[in-house]
Structure formats: C-alpha cells, structure tokens
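Read off the chains here:
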Amino acid sequence: MNSNKRYIVSDHKEITSIDELEIIWNNTNDAIFLIAPDGALLKANPAFEEILGYSTEELIGNPHPPILPTLQKQKGFLERMKKGEIIKYHEAQRVTKEGKVIDIVSSYCPVHNHNGELVCTVGMYKDVTKQIEAQRKLRESEEKYRFIANHTSDLIMILDNQKSITYVSPSSEPLLGYSSVECLDKHISVFISEHDILSFMNWGEQLEKTNTVLETELRYKHASGCLIWMELRGSYVVDEDKKRTIIVSRDISERKKYEEELRNIAFHDSLTGLPNRYYFNELLKDEMRKSKVHSMEMAIMYLDIDSFKQVNDTFGHAGGDAILIEFSKRIQKSIRNKDIVCRLSGDEFVIIVSIPSDEEVVRNIASQIQAELKQPIVFEHHQIYITASIGISIYNEEELSSEELIKRADHALYEVKENGKNDVTFWGDSFVNK
C-alpha cells in the first residue's frame, strides 16, 4: 500500500543510537528490524530472534539473509523502498532457522535523508501463523468462525446499513473499555474520535463502491476518555439482501508512538529538544517562501556562546551540557511565540525571526537575549557567567538562497568575534566584498 509519508534522518547510525526506545525495542512481541539500502540486516530486536530463530549476529551484513524474499523479489522490494513506498499489512511466509514455515504480517517503512536518498528501511513482522491457520478453518465451519471471532485479540465489528453495531467481539472490553452489550445497537460514530468521523464515513463509502477489502487508520475512543490508534480492515458484503460492513481493527498505538518518536528524533536535537540542522533547513526555506508571498521581512540570528570551549574544559561535558540546555531556554524566553530556535551543532544556535520582522524587532530580541544572559547559570553550586555573540541577516524578498542568507548571518557573527565578542552585528554593505 502506498503512502506519502517520509521519515528523514541523516543516516542509520542516528537511529541505532536511540536509547529512549529500548523499552519498546526490547519488549514488543513483534519483530522490528532495520534493513540497509543493499538489503543487508543492520539491527534487530529480541523478538526477531524469538520468531525466526536467527540471532542478529548471524544475519547482520548479509545482503541476502535467508529470512527475506528471494533475490529477484528483494531487488523489486528495495526499488520500492528507494521510491518511498510504505508497505503495510502484507501477508507472507518466512522460513525459520529450524526450517519451519510461518505466516507473518509484515510492514516496511523507508527512511530517507534530506536529499531523498534511502538510508534504511524499518521492518516489522507479526507472527500470525496461528491466526492464519484459524482463518483456514473458518472456511470449513461458521461455528468455528464464531468461536475464533469471540476469542481474538483484534476488535471485530459488524455494522448494518445504517452503520449501527450488530455484532462486536468480546475484545471490545480490553481494547475500548466497553462490553459487547454496551456496544450493540450503537452507531459506530459513538466510538470514533470526532476528528476521524468524516474520514471513517468516506472510507465506508469507498467500501461500498469498490466492494473490496480496504484499510485505514483512525482513533477509537476508550471508555476512559483517551484515544487509541487502530488499523482497520473492512469489507462490505450483501448476504440475503442484508447489507453489512465487517471491520477488523487492530491496536497500533505502540507503532504510532514508535513512528512519532522516530520522527521527533530525526528532526530534533537530543540534548535541548530544539529543531536540529536538518529541520532548520526546511523551516528556513518555508519561512522565506512566506516572506516572499506576503511581502514581509524575516530574519535569522546566528548565535554562539563566547569561549564555550574554556567553560566546557573547566566544568566537563556535564557542565557544558547544562549550560547549553539553560542557554537554549533563555533564548526561547526572549523570542516571540512564532519565532523558532534551532541548535545546529555544539554551541551554535540560530533563530528564525518569523514574519513580520524588521531591524527593530530583531534588535529587541537580541537585547532581551543579552539581558537574560546577565544572570549566572548555576551548576553544582558554581555560578557560571556566559555571553553570546550574535550575527544577523534580514531577508526582504530579494533573490537569495537559504544558503546565502545563512552565510550572511555567519559572516556577521564572525565580525562580532573578530571585534571582541559579546555583541550584535547585522550583515550589511560592509560585508558585500568580504
């Protein structure tokens, strides 16, 4: 199934260093793994070994691991990943190390860098061997179908033509907090997030028109008031003049959380939580587009902490990190709500001063930053005083690339450093020939 979603990171190392995801990674029942652009396995979680029997060490670096499709199919698969396709809920079979054939439901999500190059693919396997076997038996007996439906962990609903629930599996209680009795004869919209009802109704119309199995993702309302992400597979059937919609829903909250954390890590600095260099480039281009459309000025402010290396050497990395975190907080206190602070690297920060902006607005922000820095930063009973140098460039609709706008601010910052630090300088005519 295709999707326009993309996840942008610099390379796979940025993902494999994510210690915040260890709990999900180590405790999920589904196999989660990373595939290199050439098809080799980069990393796999413990469930991978439990399901397939192979340890990570046995497969890492092998561009044709035995658990993946044949070489010819793999080439086509890798091409789809390079194009940015997302494959989800794909039913297939795999052979374990012991030679046992198992049924799986697989999902693959490509991760690209900001240049559109494939960095790696996130794969997920759910062992559904037992479920598939159960489905085969369902064809033999409706009585067995009813038994399985009543004992599955997925949520099964049957709706009448008015979208009222005529059957719901007992799993409604552990999943949604409502018993089967509480769900019966209620309109399905009662259990769907208000934000997703229109999407659900459009999906239901497509089911009726296409008469095929369709998938969607939306949020169900739990009895406690929270929302639960569910993946729905639905079909519209006409049996003995009765029109019914059959929906099988699976809880994908953990997967959604995992995807969101991946997205957050790809675009944000792990120390300060600020947008990182890659996200900054996208934000700046977007702000420059708005500036041209609305004929309003915007600006960027390039900042770094004066003599930060000396401070870092004196108080160690822990002290340096504490200073960077506090510095980022004070910058954020000094800007307007619509302005954006990003951390590029080390002690280099940049502020996107959003439209409308002019020299007076920018000077006021710079003055507020300098005022905030007059108060010492306390670290392990030490009072640390820091200052910052700030270089500024203003954009006013001229034909100028984002790279050139950044370069101007960087030049202005260099000028501050050359003239004693702890000051503010605008890029201007004096920089044209430098």
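Our structure's up above, just so we're on the same page.
Presented here is a report on the structure given in the accompanying data block.

**Topic: the environment of Leu-155**
Line of reasoning, step 1. Structurally, the position occupied by Leu-155 is in strand E7 (residues 155-159).
Line of reasoning, step 2. In contact with Leu-155, not counting residues within four places along its chain, are Val-168, Ser-169, Ser-171, Ser-172, Leu-175, Leu-176, Tyr-220, Met-230, Ile-247, Val-248 and Ser-249.

**What about the side chain of Ser-291?**
Line of reasoning, step 1. Secondary-structure assignment places Ser-291 in helix H12 (residues 277-294).
Line of reasoning, step 2. Exposure remark for Ser-291: the relative accessible area of 0% places this residue in the buried category.

**Brief notes about the nonpolar core**
Line of reasoning, step 1. Judged by nonpolar contacts, the single largest core of 30 residues is most densely connected at Met-301, Phe-327, Ile-351 and Ile-369.
Line of reasoning, step 2. Counting residues per element, the ones that place at least two in this core are strand E12 (298-305), helix H13 (308-334), strand E14 (348-353), helix H14 (359-372), strand E15 (377-379), strand E17 (388-395) and strand E18 (424-426).
Line of reasoning, step 3. Looking at this core, the element that brings in the most residues is H13, giving 6 residues.
Line of reasoning, step 4. Among residues more than four places away in sequence, those in contact with Ile-369 are Met-301, Leu-303, Ile-331, Ser-334, Ile-351 and Ile-390.

**Some words on the pairing of E12**
On any regular strand, side chains alternate: one points to one face of the sheet, the next to the other face.
Line of reasoning, step 1. Taken across its 8 residues, E12 has 8 buried, putting it largely inside the fold.
Line of reasoning, step 2. Alternating residues of E12 divide into Met-298, Ile-300, Tyr-302 and Asp-304 and Ala-299, Met-301, Leu-303 and Ile-305, and every residue in both groups is buried.
Line of reasoning, step 3. The sheet contact formed by E12 and E17 spans 8 bridges and is antiparallel. The residue bridging Ile-305 from the neighbouring strand is Ala-388, located in E17.
Line of reasoning, step 4. In this structure, E12 lies alongside E14, joined through 6 bridges in antiparallel fashion. Bridged to Met-301 within E14 is Ile-351.

**Concerning the packing of H12 against helix H15 (residues 402-418)**
Line of reasoning, step 1. Taken N-terminus to C-terminus, the directions of H12 and H15 make an angle of 105°; their axes are 10 Å apart at the nearest point. The orientation of H12 with respect to H15, classified from their angle, is roughly perpendicular. Each of Phe-280, Asn-281, Leu-284, Lys-285 and Met-288 in H12 lies in contact with H15, whose residues at this interface are Ser-402, Leu-405 and Ile-406.
Line of reasoning, step 2. A per-class count over the contact of H12 with H15 returns 5 nonpolar, 2 polar and 1 charged.

Rules of the game
As a convention, each chain's residues are numbered from 1 in the sequence order in which they are written. Side-chain atom pairs in this predicted model are given and counted only at pLDDT of 80 or more, local residue features only at pLDDT of at least 70, and totals for whole chains, interfaces and linings cover all residues. Neither water nor hydrogens contribute to the side-chain values; these are computed over all heavy atoms in the structure. Helix numbering and strand numbering both begin at the N terminus, where a helix is a DSSP run of H or I of at least 4 residues and a strand a DSSP run of E of at least 2. We call two residues contacting when some pair of their heavy atoms lies within 4.5 Å. Relative accessibility decides the category of a residue: with a 1.4 Å probe and only protein chains considered, values under 20% of the type maximum give buried, values over 50% give exposed, and everything between is partly exposed. Nine residue types can take part in a nonpolar core, namely buried Ala, Val, Leu, Ile, Met, Phe, Trp, Tyr and Cys, and a core is a set of them joined through side-chain atoms within 4.5 Å. Pairing between two strands is assigned when DSSP locates at least 2 bridges connecting them. Axes here refer to lines fitted to C-alpha atoms; in helices the fit is confined to the stretch in contact. Angles between the N-to-C directions go from 0 to 180 degrees. Angles below 35 degrees are treated as roughly parallel, those above 145 as roughly antiparallel, those between 65 and 115 as roughly perpendicular, and all remaining angles as oblique. Note on residue classes: Ala, Val, Leu, Ile, Met, Phe, Trp, Tyr, Cys and Pro are nonpolar, Asp, Glu, Lys and Arg are charged, and everything else, Gly too, is polar.

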